Amino acid sequence: MAADVGSSSLQLPCVFSPKSRQYLALCAQDGRLRIWNTDSKTLHQEYVPSAHLSATCICIAWGPCRTVKEGPQRKKRKSEAVQEEKADLLAMGTAAGSVLIYSTAKGALHCTLDGGHSGGVNCVQWHPEDGLLYSGSDDTNIVEWDLQTGKARSKWKADRAAVTSLSVSPDGKLLLSAGQIIKMWDLDTKEIYRKFTGHSSAVTTLRFATTRPPDSNGLYFLSGAAHERLLSVWQVRQDGKDKNSVVSFTLTDEPQHIDLVQSNNKEEAVRLAVVCKDGQLHLFEHFLNGPCKKPLSPSCSVQMSDTKDSPVPIPLLAAALTADKLSVQLAYGNHLQPVMERVEINTAERHICLTRDVQTSLSLTMETSISKVKTPIVNNKSKVLVPGLPGHQAPVKGTSEKRKKDTDTKEISIVERLGEIDLSTVPSEKGAPKGTASLQTDNFAVLLVQGLESNDASILNKVFQTRKEMVIKKTVARLPLPAVLPLVEELTKRLQGHPFTAVLMVRWLKAVLMHHTSYLASLPDLVTQLGVLYHMIESRVKMFHKLTKLHGKLYLLMTQVATSDSSNTVTEVDHTAKLVYEEESSDEDEASGDEALRDDEDSDNWEEDEVLEKMEEEQVDKDEEEGDPDIRRDSKENGEEDMEHGNESEEE
């Protein structure tokens, strides 16, 4: 019933109506709500946003079907009583914080729930029995709405982060909410019943898998998070030891749409249909009776492609399980004009590829059912907010006739935009002229995402040619997480090419590892995704070790050759004098006169020194005569020894 959609604008809400699966409700890129009839394959109703819809629709949830007995009690929300169960009310959460209730029976807006949230509404959930609605928002609050009065009954803070997903138990007593931590609330007291932790990113999917009470150890629910390729199943145990998930279902990509048939007892298996972001459908069937250590792979995977010579995959938008176990209701193609089909699937085959020609399947045109479309009339003076972020206002002119005429206008293609934007004219100096076109880093990130999605070599070459470290870092930092793996794969391909391009690619790879290592580490199949890159780097490193050895040997040889050359040049030095200096005779006479004067001065100094030495010797002799005779003997002996040493030195 719920649109399993988070705050991401890439995922557009698309939900089948409950039980009969008669209607498919979806919001396309143009911000309009379209309701398609799955039986007649025609457009049932279309709701065009006007002044009361201030922003684009983020999530959709169908209300419970109502029977004949419930009809007279709820005439306020219904135009007429029907004779069978029929889906009527549709809740839409918007980015402006309001919740819109649309009635398919009236073909118009039933009411608007305002004033509950200050941020965008990420998820809405209906109570299975009472006329209550629950909404979670970016403002971290949960609001309980009463549709009889159109006002909020209660409001409480659910998490520190934004509330991205909600789910009400089948008995209507418990409520699951999730940001990054999953909390189970008692709806009577609005208090936390249990907490579950295990997801590293925002939880986008919460669904109860069984209808058993929580005190029987038989209550299970499943959760899926953004950028995670698995669904976790949690058991609500009576003893409270439910910290870890008990079962994991492996997927090929992030879950985008989920439909399941709940299990009423242990003998009944849970049937699960999951549409992933890559457009594949995975079917599971499992008995929930305790923990299972190994992750469970799908019993059957379904892909769709067209009938051209080179098949192109057709993305699946939503899938709904039917009472017949062999058939599945599918919606595929484009959000603006989807194709609905009931397909019988042989679950004995693990992988099924269905080929369809989408162009011939789209037999419906807007003119055939234009009478069923309800378009609100807009005054010329009033302003209508364009679908997008709140606060981005733009006047919309005219009525539906003018809108039809404007549909022929074409947007500028990516190639034309690239022609207008020249990446080589980015001003690098302060004195650059103002007329040159400068491309900011956010434009680089947008171009890089477009190039990776379209696999356009010209766009990628222009983006990868930049050498500025800051531009590379900011571009990688602003890259959305789903584009990280395609970027790594593209870098791996280019690293295997010419070494000149490999030098540039290493800078990008370094920036990716600096900014997105935590995301890459959370991928379950990281080894297979980065195996080629790892082996290539390992082989390059092995060769680098050998090259460094060779470089060292060559360096030794070159230095030896250089030293031998230098020694040869030293032996061949010319010893002949290049210049001889001879002094004149007058200079020699002056020099001899100076030397004689110096000798006289030296001789006078010698005489003075001899007089001083004699006086010192006499003083020493007097001291020796007055002193001890032993000292004199020692001195004589020392004198004799000194004389002997002197004689030895003279003989030598």
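Since this is a predicted model, take the numbers as computed values, not measurements. Here, residues in each chain are numbered from 1, in the same order as that chain's written sequence. Since the coordinates come from a predicted model, pLDDT governs what is reported: local features require at least 70, and pairs of side-chain atoms require 80 or more to be given and counted, while whole-chain, interface and lining totals use all residues. Values reported for side chains reflect all heavy atoms of the structure, with hydrogen atoms and water molecules removed beforehand.

**Thoughts on the overall build of the protein chain**
Assigned secondary structure in the protein chain consists of 12 helices and 28 strands. Residue exposure (1.4 Å probe, protein chains only): buried if accessible area is under 20% of the type maximum, exposed if over 50%, otherwise partly exposed. For the protein chain, buried positions account for 42% of its 652 residues. Look at the contacts in the protein chain between residues 6 or more apart in sequence, and 52% of them connect residues 24 or more apart. Of the roughly 37900 Å² of accessible surface on the protein chain, 52% is carried by carbon and sulfur atoms. Segments assigned H or I by DSSP are reported as helices when at least four residues long, segments assigned E as strands when at least two residues long, and all are numbered from the N terminus. When checking whether two residues touch, look at their non-hydrogen atoms; a contact exists if any pair is within 4.5 Å. A 1.4 Å probe and the Shrake-Rupley method give the accessible areas. Residues count as covered only by the protein chains that appear here.

**Description of the layout of surface pockets**
Here the largest pocket is characterised by a volume of approximately 1600 Å³. The wall of the largest pocket is formed by 47 residues, among which Asp253, Lys277, Asp278, Glu453 and Pro482 lie closest to the centre. Looking at the lining of the largest pocket, the elements that each hand over two or more residues are strand S24 (300-305), strand S25 (316-321), helix H4 (441-454) and helix H7 (484-495). Here the element with the most residues in the lining of the largest pocket is H4; it accounts for 7 residues. Residue type decides the class: Asp, Glu, Lys and Arg count as charged, Ala, Val, Leu, Ile, Met, Phe, Trp, Tyr, Cys and Pro as nonpolar, and the leftover types, Gly among them, as polar. Its residues assigned to classes, the lining of the largest pocket comprises 22 nonpolar, 14 polar and 11 charged. Domains are outlined according to an automatic or database domain assignment. Each of domain 1 (14-67 + 86-355) and domain 2 (441-541) accounts for three or more of the residues forming the lining of the largest pocket. In this analysis a 1.4 Å probe is tested at points of a 1 Å grid over the protein atoms alone, and where it fits but cannot get out there is a cavity; an open set with protein on both sides within 12 Å along at least five of seven lines is a pocket; lining residues have an atom within 4 Å of a point. Grid points are joined across faces, edges and corners, and a volume is the space filled by probe spheres set on the points.

**Description of the pairing of strand S16 (residues 191-196)**
The pairing criterion is simple: DSSP has to find at least two bridges between the two strands. In terms of strand pairing, strand S15 (residues 182-186) meets S16 through 5 bridges, oriented antiparallel. Each residue of the ladder has a partner; that of Ile182, found in S16, is Phe196. Between the end of S15 and the start of S16, which pair antiparallel, lie 4 residues, with Lys190 showing a positive phi angle near 60°.

**Describing the side chain of Ser167**
Examined against the element boundaries, Ser167 turns out to sit in strand S13 (residues 165-168). Using a relative accessible area of 4% as the deciding quantity, one classes Ser167 as buried. The contacts of Ser167, once residues within four sequence positions are left out, are Gln125, Leu174, Leu175, Leu176, Leu206, Arg207 and Phe208.

**A closer look at the sheet that holds S13**
Taken together, the 4 strands give an open sheet; going across it, the order is S13-S14-S15-S16, and neighbouring strands pair in antiparallel fashion. Single-partner strands in this sheet number two, and they are S13 and S16. In this sheet, adjacent strand axes meet at a mean angle of 20° when their direction is disregarded. In the sheet, S13 pairs with strand S14 (residues 174-178) via 4 bridges, with the strands oriented antiparallel. Across the sheet, the residue bridging to Ser165 is Ala178, located in S14. Here an angle of 0 to 180 degrees is reported between the N-to-C directions of two axes, which are lines fitted to C-alpha atoms, with helices fitted over the stretch in contact.

**Some details on the pairing of S25**
Working note: regular strand, side chains alternate between the two faces of the sheet. The element S25 is extensively covered by neighbouring structure, given that 6 of its 6 residues are classed as buried. As paired elements, S25 and strand S26 (residues 327-333) share 5 bridges and run antiparallel to each other. Bridge pairing in S26 places Ala318 opposite Ala331. Counting the residues between successive antiparallel strands, the hairpin from S25 to S26 contains 5 residues.

**What about the packing of aromatic side chains?**
In this analysis, rings of Phe, Tyr and Trp, with Trp reduced to its six-membered ring, are considered paired at centre separations within 6.5 Å, and the interplanar angle assigns stacked below 30 degrees, edge-to-face beyond 60, and tilted for intermediate values. Inspection of every chain in the model, using the stated rule, returns 9 aromatic pairs. Aromatic pair Phe196 and Phe221: ring centres 5.0 Å apart, planes at 75°, arrangement edge-to-face. Taken together, the residues Phe196 in strand S16 and Phe221 in strand S18 (residues 219-225) connect sequence positions 25 residues apart. Phe196 gets classed as buried once you look at its relative accessible area, which sits at 1%.

**Quick look at the packing of helix H6 (residues 469-477) against helix H8 (residues 499-521)**
Axis separation between H6 and H8 bottoms out at 9 Å; the angle between their running directions is 45°. Classified by the angle between their axes, H6 and H8 sit oblique to one another. Once H6 is placed against H8, the crossing between them reads as right-handed. On H8, the residues that touch Glu469, Ile472, Lys473, Thr475, Val476 and Ala477 of H6 are Arg507, Trp508, Ala511, Val512, Met514, His515 and His516. Taken together, the residues of the contact of H6 with H8 sort by class into 7 nonpolar, 3 polar and 3 charged. If an angle is under 35 degrees, it is roughly parallel; if it is over 145, roughly antiparallel; if it lies from 65 to 115, roughly perpendicular; otherwise it is oblique. Should the near helix be turned anticlockwise from the far one by less than a right angle, the crossing is left-handed, and should it be turned clockwise, the crossing is right-handed.

**Some words on H6**
Given 3.6 residues per turn, any residue in an α-helix points the same way as the ones three and four places further on. Among the residues making up H6, those that are buried are Val471, Ile472, Thr475 and Val476. The buried side chains of H6 occupy one side of the element, clustering within an arc of 125° when seen end-on. Think of the arc as the fan of directions from the helix axis to the C-beta atoms.

**Let's talk about the nonpolar core**
For this analysis, a nonpolar core means a set of buried residues of the types Ala, Val, Leu, Ile, Met, Phe, Trp, Tyr and Cys, connected via side-chain atoms within 4.5 Å. One finds Leu448, Phe464, Leu487, Leu491, Leu495, Trp508 and Val512 to be the most contacted residues of the largest nonpolar core, which totals 33 residues. Listed by contribution, the elements that provide at least two residues to this core are H4, helix H5 (457-464), H6, H7, H8 and helix H10 (531-571).

**Concerning the environment of Val246**
Mapped onto the elements of the fold, Val246 is located in the loop between strand S19 (230-236) and strand S20 (247-250). Under the relative-accessibility criterion, Val246 is labelled buried at 11%. In this structure the C-alpha to C-alpha distance between Val246 and Leu222, which are 24 residues apart in sequence, comes to 10.0 Å. Apart from the residues lying within four places of it in its own chain, the contact partners of Val246 are Tyr220, Val233, Trp234, Gln235, Gly290, Pro291 and Cys292.

**Some words on the confidence of the model for the protein chain**
Per-residue confidence from the prediction method is given by pLDDT, with values spanning 0 to 100. Overall, the predicted model of the protein chain reaches an average pLDDT of 77, with 70% of residues at or above 70. Low pLDDT, under 50, characterises residues 68-82; the predicted model gives this stretch 25 contacts beyond four residues in sequence or across chains. This stretch, residues 423-439, has a pLDDT under 50; its non-local contacts, to residues over four places away or in other chains, come to 20 contacts.

**Focus on H8**
Expected helix span is given by 1.5 Å per residue-to-residue step, counting one fewer step than there are residues. Given a rise of 1.5 Å per residue, 23 residues ought to cover 33 Å, yet the end C-alpha atoms of H8 are separated by just 28 Å, more than 12% below that figure. The largest bend along H8 reaches roughly 65° and is located at His515. Considered for burial, the residues of H8 that qualify are Ala502, Leu504, Met505, Trp508, Leu509, Ala511, Val512, His516, Tyr519 and Leu520. Axes are fitted to the seven residues ending at a residue and to the seven starting at it; the angle between these axes is taken as the bend at that residue.

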